[in-house]
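Remarks on the overall topology
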Amino acid sequence: MDSARADRFVSGLWDDEIVPQLVDYIRIPNKSPLFDAEWQQHGYMDRAAELMAAWCRSQPIKGLKVEIVRAKGRTPVLFCEIPGSGTDTVLLYGHMDKQPEFTGWIDGLSPWEPVLRDGKLYGRGTCDMKGFIACVLALAPSFKARRLKVPIHLAFSYDEEVGCTGVRPLIARLGEDLPRPRAIIVGEPTMMAVIDAHKRIDAYKTLVTGREAHSSKPHLGVNAISVAAQLVGELDRIAAELAAAGQDQRFQPPVSTLQVGNIRGGTAPNIVPKSCRFQWQVRSLPSADPAAVPKEFVAFAATLLPRMRAVAADTGVETTHEGSVPAFQAKPDSAAVALALSLTGANATQAVSYGTEAGLFEQAGCPTVICGPGDIEQAHAADEFVSLGQLEACMTFLAKLAERLA
Ligand SMILES: [Zn+2]
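Some points on the overall build of the protein
In terms of regular secondary structure, the protein is built from 10 helices and 18 strands. For the protein, the C-alpha radius of gyration of 24 Å lies close to 22 Å, the compact-globule estimate for 406 residues. C-alpha extents for the protein along the principal axes are approximately 80 × 45 × 40 Å. Within the protein, the fraction of its 406 residues that count as buried is 44%. Restricting the contact set of the protein to residue pairs at least 6 apart, pairs at least 24 apart contribute 78%.

Re the pairing of strand β8 (residues 195-198)
Here is the key point about a regular strand: its side chains alternate between the two faces of the sheet. Pairing of β8 with strand β16 (residues 350-352) involves three bridges; the strand directions are parallel. Among the inter-strand pairings, A197 is bridged to a residue of β16, identified as A351. Two strands pair when backbone bridges link them, and β8 and strand β15 (residues 328-329) are joined in this way by two bridges, in the antiparallel orientation. Following the sheet pairing, H198 is matched in β15 by F328.

Here we look at the sheet that holds strand β18 (residues 385-387)
Pairing in this open sheet of three strands is antiparallel, and the strands run β4-β5-β18 from one edge to the other. Of all the strands in the sheet, just β4 (115-117) and β18 have a single pairing partner and so form its edges. On average, adjacent strands in this sheet sit at an angle of 20° to one another, irrespective of strand direction. Here strand β5 (residues 120-122) pairs with β18 via three bridges, running antiparallel. Within β18, the position partnered with L121 by the bridge is V386.

Quick word on the sheet that holds strand β11 (residues 257-265)
Strand order in the open sheet formed by four strands is β11-β13-β9-β14, with antiparallel pairing between adjacent strands. Two strands close off the open sheet at either side, each with one partner strand: β11 and β14 (316-325). Neighbour-to-neighbour, the strand axes of this sheet turn through a mean angle of 15°, independent of strand direction. In this sheet, β14 lies alongside strand β9 (residues 200-209) in antiparallel orientation, the contact comprising nine bridges. From the neighbouring strand, A203 faces β14, where its bridge partner is G323.

Digging into unusual backbone geometry
Cis peptide bonds are those with omega within 30 degrees of zero, and the linkage from D128 to M129 qualifies with -10°. Within the secondary structure layout, M129 lies in helix α4 (residues 126-145). The omega angle of the peptide bond from Q252 to P253 is -5°, so this bond is cis rather than trans. Along the polypeptide, P253 turns up in the loop between α6 (224-244) and β11.

Some thoughts on the domain arrangement of the protein
Under the domain assignment, the protein is made up of domain 1 (3-198 + 327-405) and domain 2 (200-325). Facing 10 residues of domain 1, the contacting portion of domain 2 comprises 12 residues.

Considering the nonpolar core
One finds C135, V136, L139, I185, V369 and L398 to be the most contacted residues of the largest nonpolar core, which totals 84 residues. In terms of residues, this core owes the most to one element, α4, which gives 12 residues. No fewer than three residues from each of domain 1 (3-198 + 327-405) and domain 2 (200-325) sit in this core. For L398, the residues in contact, after removing those within four places along its chain, are C135, V136 and L139. Counting residues in each nonpolar core, the second largest holds 18 residues, with V208, W280, V293 and F297 among its members.

Focus on α4
Across its 20 residues, α4 extends 27 Å between first and last C-alpha, which sits within 8% of the 28 Å expected from 1.5 Å per residue. The largest bend in α4 amounts to roughly 40° and is located at L139, with the proline P141 lying one to four residues further along. Summarising burial for α4: 17 of the 20 residues are buried, a large majority. Directly beyond the C-terminal end of α4, a positive phi value near 50° is found at R147.

Thoughts on the packing of α6 against helix α7 (residues 292-311)
Packing of α6 against α7 leaves a shortest axis separation of 10 Å and a crossing angle of 150°. The angle between α6 and α7 places the two elements in the roughly antiparallel class. For the crossing formed where α6 meets α7, the hand is right-handed. On α7, the residues that touch V227, Q230, L231, E234, L235 and I238 of α6 are V293, E296, F297, F300, A301, L304 and M308. Class assignment for the residues of the contact of α6 with α7 results in 10 nonpolar, one polar and two charged.

A look at the environment of E188
Position of E188 among the secondary structure elements: in the loop between β7 (183-186) and β8. Between the C-alpha atoms of E188 and F132, which are 56 residues apart in sequence, the distance is 7.7 Å. Leaving out residues up to four positions away in the same chain, E188 has contacts with M129, T356, I370 and G372.

Description of the environment of A288
Locating A288 in the fold gives a position in the loop between β13 (275-284) and α7. When the C-alpha atoms of A288 and R200 are compared, they prove to be 9.0 Å apart, with 88 residues separating the residues in sequence.

Conventions used here
Residues numbered from 1 in each chain as written. Predicted model: local features only at pLDDT ≥ 70, side-chain atom pairs only at ≥ 80, totals over all residues. Helix = DSSP H or I, 4+ residues; strand = E, 2+ residues; numbered from the N terminus. Rg over C-alpha atoms; globule rule 2.2 N^0.38 Å. Buried ≥ 20, exposed ≤ 12 C-beta atoms within 10 Å, placed from the backbone. Contact = placed C-beta atoms within 7 Å. Pairing = 2+ DSSP bridges. Axes fitted to C-alpha atoms, helices over the stretch in contact; angles between N-to-C directions. Domains from an automatic or database assignment. Core = buried A, V, L, I, M, F, W, Y, C linked by C-beta atoms within 7 Å. Expected span 1.5 Å × (residues − 1). Bend = angle between axes of the 7 residues up to and from the residue. Parallel < 35°, antiparallel > 145°, perpendicular 65-115°, else oblique. Left-handed = near helix turned anticlockwise from the far one by under 90°. Nonpolar A, V, L, I, M, F, W, Y, C, P; charged D, E, K, R; others polar.

Structure below.
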């Protein structure tokens, strides 16, 4: 399809297919399990998956397979196959869960009530990344109409912010009962730029156990908050070390970073606190050694122990690795990157600092690329929106993909 034809095709689908899909979907407050501990009781994840599945099933596509994969205690994955004559496949991947509400939405806008204003569709998840999913679903019938040689698989999971645990069972099936795709396109918001690398994320939790005492006799206690403060100071020192270390100008910022996200400790002003815990995250360049930061941190923590244990033997510092999202670095000859470059007409790739499932797919031996509508700047903030122009660019991209695979 030439671009003029693709444009006409896109505008025809726009009002009837895309907007109604997105509007229903935005109204479901299916936040990531990280932000909704009771996600199983709330059932929003299932509702969202069912909505998408029902929409897929309503398409007049012969041989279409739609499956909601459920594993106990895990968020569901929606899997869909648009058949083709060959066995080689292309997988389009997205995540269905959303960020929390955030405060500070401008007047008349709110997270769960979609509003179309000045060429932008506002609402939580419009940008990250339901816009992409709506475009994919709207184009599914045209994929089929083109009599594909290469089947297109769709997989929409619930990324859990750190760990990407939702997609792991699906990845385990690639090359087993599902074919290993020749290319995977992850539709995270990139402004349709072709992304071939991202940083790694490691999440940690540190628990300091001290000894309780009355504040009039602090020498009988071990102040867990004071110990935690020293540990946080050490993390800041390591962060400064990372900032001064090797740079990779493809990333913004061009260094590995680390920060403490929360801290909790103590019970009352007149009690030496017994416990203090904090969570922290490292975002490493693909070239960095992810073991280096925790090793340095744990070595520092060990230097604090003798003084703590001189007061009470059962005091200590315990650091747990809570999860990781592997860095993504596409291979130089990646078929997925070459495909996305040719479909967008871009002549260079870019790198991003946020994590996605792309690293997991690439690790599993599947050539992967990240390319999707919208700007990540608008994804994790109030007033989230995706511009209609970006959704149209995505539709054009997908229409050309169908052409290429026909
Ligand atoms: Zn996302």
